[in-house]
Amino acid sequence: MSQVSSAQGGRTLDPIIQGGQAESREGVMRQVSPHVYIDPDGGGCTVGAIRTSVGVVLVDSPHKPTRALRWRDEVETLGEVRYLINTEHHIDHTFGNAFLPGVVLAHQGVREKFWEDNVLGGCPLKDPRPYVEKCDPQGVDLAGRYQAREPEISFDGRLTLFLGDVTLDLFARPGHIAAETAVYVREDRTLFTSDNVFHDTMTWYHEALPFEWLESLDSFKKMDVEVVVPGHGIEAGPEVFDEMREVVEDAIREVRSAIQAGMSREAAAENITFID
């Protein structure tokens, strides 16, 4: 499917909730394009809300229960929440589903791995209390009645949502994970890349397909994009695709050098770090 966009002459943002600051403040929803609002968070993913004439679509959920409840209050000022899109299965994008309204929707590849994020040990969706105690002590009381919400609707390939005055294209682009899902807001020329873009923050590679990641970034560059909403960090312009490409290429060079030096897989894992 070819990408479709409409020109934005005189882009108008809500005067109370505007983006453009160098940094975001926790608890302040920011408008980054006519229909798109985001909330970056230093410890979790950048969550989004897309306001349409027939309701609100959320992109990912906060990983802290207290932040999820605050985000719910904020997005409900935009209208009724109809859908919640999970762009990947990692816990920092899905744990907060339990606290948010809307039908949960995801790529089939994301749904199939929904219960498999064990990077922190046991899956927090199945045993939430230890996770909440660590990441959100103020939300521990919420863990006792926690019930994870997995995707109710899944799709393969591409999905287009026609929602009144807004059209959304959803499609998987491998990289950070195999089924990393992008959300393109046609009318705003705004692209949610999920974790195929980390903006000014540490990149995670634990399930990465690095060469496919480079191809996905190249495909993004061919799209008509004005605003990029990364999986982590504040919004950016399309120049961020080249910046992210350099980050992934640096990681490939580090690993390739270790292989050429005869380093074992275990030694490479021990010695190579991407912590900023």
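How each quantity is defined
- Every chain is numbered independently, its residues counted from 1 as its sequence is written.
- With pLDDT at 70 or above as the cut-off, local features in this predicted model cover only qualifying residues; side-chain atom pairs require 80 or more to be listed or tallied, and sums for whole chains, interfaces and linings still use all residues.
- Side-chain metrics rest on all non-hydrogen atoms present in the structure, leaving aside hydrogens and water.
- A helix here means a DSSP run of H or I that spans at least four residues, while a strand means a run of E at least two residues long, and both kinds are numbered starting from the N terminus.
- Using a 1.4 Å probe on the protein chains alone, a residue whose accessible area is under 20% of its type maximum counts as buried, one over 50% counts as exposed, and one in between counts as partly exposed.
- Methods summary: accessible areas were calculated by the Shrake-Rupley approach with a probe of 1.4 Å, and residue burial reflects only the protein chains presented.
- For a helix, the expected span equals 1.5 Å multiplied by the number of residues minus one.
- Along the arc lie the directions from the helix axis toward the C-beta atoms.
- Note on definitions: a residue-residue contact is assigned when non-hydrogen atoms from the two residues lie within 4.5 Å.
- As a per-residue measure, pLDDT tells how confident the predictor is, with possible values from 0 to 100.
- Whether two strands pair depends on DSSP finding at least two bridges between them.
- Angles run from 0 to 180 degrees between N-to-C directions of axes, and those axes are lines fitted to C-alpha atoms, restricted for helices to the stretch in contact.

1. Structural notes on the overall build of the protein chain
Each helix and strand counted, the protein chain has eight helices and 12 strands in total. When the 276 residues of the protein chain are sorted by exposure, 52% land in the buried category. About 12,600 Å² of surface is accessible on the protein chain, with carbon and sulfur atoms providing 49% of the total.

2. Quick word on helix α7 (residues 240–260)
Between its terminal C-alpha atoms α7 stretches 30 Å, which fits the 30 Å expected from 21 residues at 1.5 Å a residue. For α7, the full list of buried residues reads Val240, Phe241, Met244, Val248, Ala251, Ile252 and Ala258. Take α7 and look down its axis: the buried residues cluster within an arc of 120 degrees, on one side only. Structurally, α7 contributes buried residues whose contacts are with β11 (190–198), α6 (210–221), β12 (227–232) and α8 (265–271). Two residues or fewer past α7, glycine 262 is found with a positive phi of approximately 80 degrees.

3. Side note on the confidence of the model for the protein chain
Interpretation of this model should avoid reading the predicted coordinates in detail wherever pLDDT is low. Averaged over all residues, the pLDDT of the protein chain equals 89, while 88% of them reach at least 70. Here residues 1–25 is a poorly scored stretch, pLDDT under 50, and it has 52 contacts once near neighbours within four places are set aside; other chains count.

4. Some remarks on the sheet that holds strand β1 (residues 30–33)
Consider a sheet: its strands pair through backbone hydrogen bonds, and that pairing is either parallel or antiparallel. Taken together, the seven strands give an open sheet; going across it, the order is β1-β2-β3-β4-β5-β6-β7, and neighbouring strands pair in mixed fashion. Two strands bound the open sheet, and with one partner strand each, they are β1 and β7 (153–155). Across the sheet, the mean angle from the axis of one strand to that of its neighbour is 25 degrees, orientation sign disregarded.

5. Observations regarding the sheet that holds strand β8 (residues 158–163)
Here we have five strands laid out as an open sheet, ordered β8-β9-β10-β11-β12, and mixed in their pairing. For this open sheet the edge positions go to β8 and β12, each flanked by a neighbour on one side alone. The sheet shows a mean angle of 25 degrees between the axes of neighbouring strands, taken without regard to direction. By the bridge criterion, six bridges tie β8 to strand β9 (residues 166–172) in an arrangement that is antiparallel. Across the sheet, residue leucine 163 finds its bridge partner in β9, namely valine 166. The strands that α7 touches are β11 and β12; relative to β11, the one it contacts most, it runs at about 15 degrees.

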